[in-house]
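These are the residues of each chain, in order.
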Amino acid sequence: MLKSPSLAILTFASQVVCWGGLGHRTVGYLAQKRFTNEGAELFETLIRPTTSFDISDAAVWADSIRHNRGYTEGWHFIDAKDSPPEQCNLNYARDCKEIQGCVISAISNQTSLLLDPNTNQHTRNEALKYLLHFIGDIHQPLHTEDLSRGGNDIPVSFDGHHTQRLNLHSVWDSAIPRKLNGLSFDAHATEEKPAAAIWAEKLAKRIEAGELSVEYSECTNLADPNECGIAWATETNVLVCAYVLAPGVEWVKENDLGGEYYEGAVPLVEVQIARAGVRLAAWVNAIAAAGSVAAKQDL
Ligand SMILES: *[C@@H]1O[C@H](CO)[C@@H](O)[C@H](O)[C@H]1NC(C)=O
């Protein structure tokens, strides 16, 4: 039986932006496992009363509103104007757009709003949802790269698929995480939520067992949120030269990326998702702790 090609394209089109539902949802579930009581309470009091969202739904919310709120478009990435694969580097002053902002300034802004006791509940609710999403985005290598719109304009093939929507960016957002978790290339988006819960469980176990040998560096300098954002984005951007575009643009266009390239990408994707989850949890826990200190001082 043939699947309707138009449906497949539509499904895929809805996830060409940002890690894809699977990656973002996994970052959310993984973070939740590491929440302190205060961190969990912040999520419960800000998000749960207004919706039936679980943390993974909250982590994909920013993608669902980005087209209706064009001004948020630039908050999902930072366009490092470097020259991969020869040279990667990120420069906040050079790369963060003055008016639209970037993922680093967006994390700072939403963090400040959440820390400010005068911010209303509605804005605080959205600020937390933005953070759940952007701390995921800042760990996707092609969200820290300007070249060919972060790879969106580099058409590629993956496991014999060569659709109009398939490009280097969407391979890193969706195709690699999906294959890694046993979802078919054009699996429906609803299959991502249960898969994300399982992936988060696996990653959490491996982190605990010390099997994911990475430096997690839980940066939590809330006084200067840009500092952590710059550190994370700089580290992510290194991967663009180290792996993502290392073989050169022509090579990634001409070779199917579902084979050896995929195999080499898997450990990087796992580490990036793990880092995002661990750092997101530490960030939310720090905000929650600062809030409860402020609340106690008010008494
Ligand atoms: C900060 O976030 C608020 C709420 O989302 C938004 O209205 C404002 O434009 C943002 N400011 C900057 C500089 O991004």
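The shown structure was predicted, so the numbers you read here are calculated from the model rather than taken from an experiment.

Go over helix H9 (residues 192-208) with me, naming the residues and quoting the values.
If you check H9, its first and last C-alpha atoms are 24 Å apart, about what 17 residues at 1.5 Å a residue would give, namely 24 Å. Buried within H9 are the following residues: Glu192, Ala195, Ala196, Trp199, Ala200, Leu203, Ala204 and Ile207. Once H9 ends, the next one or two residues include Gly210, with phi positive near 70°.

Got a sec to walk through the pattern of salt bridges? Specific residues and values, please.
Throughout the structure, instances matching the rule amount to 19 salt bridges. When the shortest N-O distance is used, the salt bridge between Asp54 and Lys193 registers 3.9 Å. With Asp54 in the loop between helix H3 (37-46) and helix H4 (55-65) and Lys193 in helix H9, this pair connects stretches of sequence that are 139 residues apart. Here Arg149 ties to Asp153 by a salt bridge, and the two come within 3.0 Å at their closest N and O atoms. Here the residues in one salt-bridge network are Arg25, Asp54, Asp57 and Lys193, joined through shared partners.

Before we move on, can you summarise the packing of H3 against helix H7 (residues 121-137) with the specific residues and values?
At their nearest, the axes of H3 and H7 sit 10 Å apart, and the two run at 125° to each other. As far as their axial angle goes, H7 and H3 are oblique. Crossing handedness for the pair H3 and H7: left-handed. When H3 is examined against H7, the residues Leu42, Phe43, Thr45 and Leu46 are found in contact with a partner set consisting of Gln121, Arg124, Asn125, Leu128 and Leu132. In the contact of H3 with H7, the residues fall into five nonpolar, three polar and one charged.

So, the packing of aromatic side chains: which residues are in play, and what are the values?
Inspection of every chain in the model, using the stated rule, returns 11 aromatic pairs. With centroids separated by 6.3 Å and ring planes inclined at 70°, the aromatic side chains of Trp172 and Tyr243 adopt a geometry described as edge-to-face. Placement of Trp172 in helix H8 (residues 168-180) and of Tyr243 in helix H10 (residues 225-244) is noted, with a sequence separation of 71 residues between them. Take Trp172: its relative accessible area is 1%, and that puts it in the buried class. On the basis of an interplanar angle of 35° and a centroid distance of 5.1 Å, the ring pair of Tyr243 and Tyr261 is categorised as tilted. Of this pair, Tyr243 sits in helix H10 while Tyr261 sits in helix H12 (residues 260-298), and the two are 18 residues apart along the sequence. Here Tyr261 falls in the buried class, since its relative accessible area comes to 3%. One residue, Lys129, lies across the ring of Trp61, its end atom 4.3 Å from the ring centre.

Criteria and thresholds
Here the residue numbering is sequential within each chain, running from 1 through the sequence in written order. Residues qualify for local features only when their pLDDT is at least 70, as the model is predicted, and side-chain atom pairs are given and counted only at 80 or more; totals for whole chains, interfaces and linings, by contrast, use all residues. Computation of side-chain values covers all heavy atoms of the structure but excludes hydrogens and water. Under the scheme used here, helices are H or I runs from DSSP no shorter than 4 residues and strands are E runs no shorter than 2 residues, and both carry numbers assigned from the N terminus. A helix is expected to reach a length of 1.5 Å times the quantity of its residues less one. With a 1.4 Å probe rolled over the protein chains alone, any residue whose accessible area is under 20% of its type maximum counts as buried; one over 50% counts as exposed, and the rest are partly exposed. We define a salt bridge as a contact between a side-chain nitrogen of Lys or Arg and a carboxyl oxygen of Asp or Glu at a distance within 4 Å. Between N-to-C directions, angles span 0 to 180 degrees; the directions come from axes that are lines fitted to C-alpha atoms, helices contributing only their stretch in contact. Working rule for angles: under 35 degrees goes down as roughly parallel, over 145 as roughly antiparallel, 65 to 115 as roughly perpendicular, anything else as oblique. Note on convention: the crossing is left-handed when the near helix lies turned anticlockwise from the far helix by less than a right angle, right-handed when the turn is clockwise. Contact between two residues is taken to exist if any of their heavy atoms lie within 4.5 Å; hydrogens are not considered. Ten residues, namely Ala, Val, Leu, Ile, Met, Phe, Trp, Tyr, Cys and Pro, are considered nonpolar, four, namely Asp, Glu, Lys and Arg, are considered charged, and the remaining ones, Gly among them, are considered polar. Geometry of aromatic contacts follows a simple scheme: Phe, Tyr and Trp rings, the Trp one being its six-membered ring, pair when their centres are within 6.5 Å, and the pair is stacked under 30 degrees between planes, edge-to-face over 60, tilted otherwise. Consider the ring centre and the ring normal. A charge sits over the ring if Lys NZ or Arg CZ is within 6 Å of that centre and within 35 degrees of that normal.

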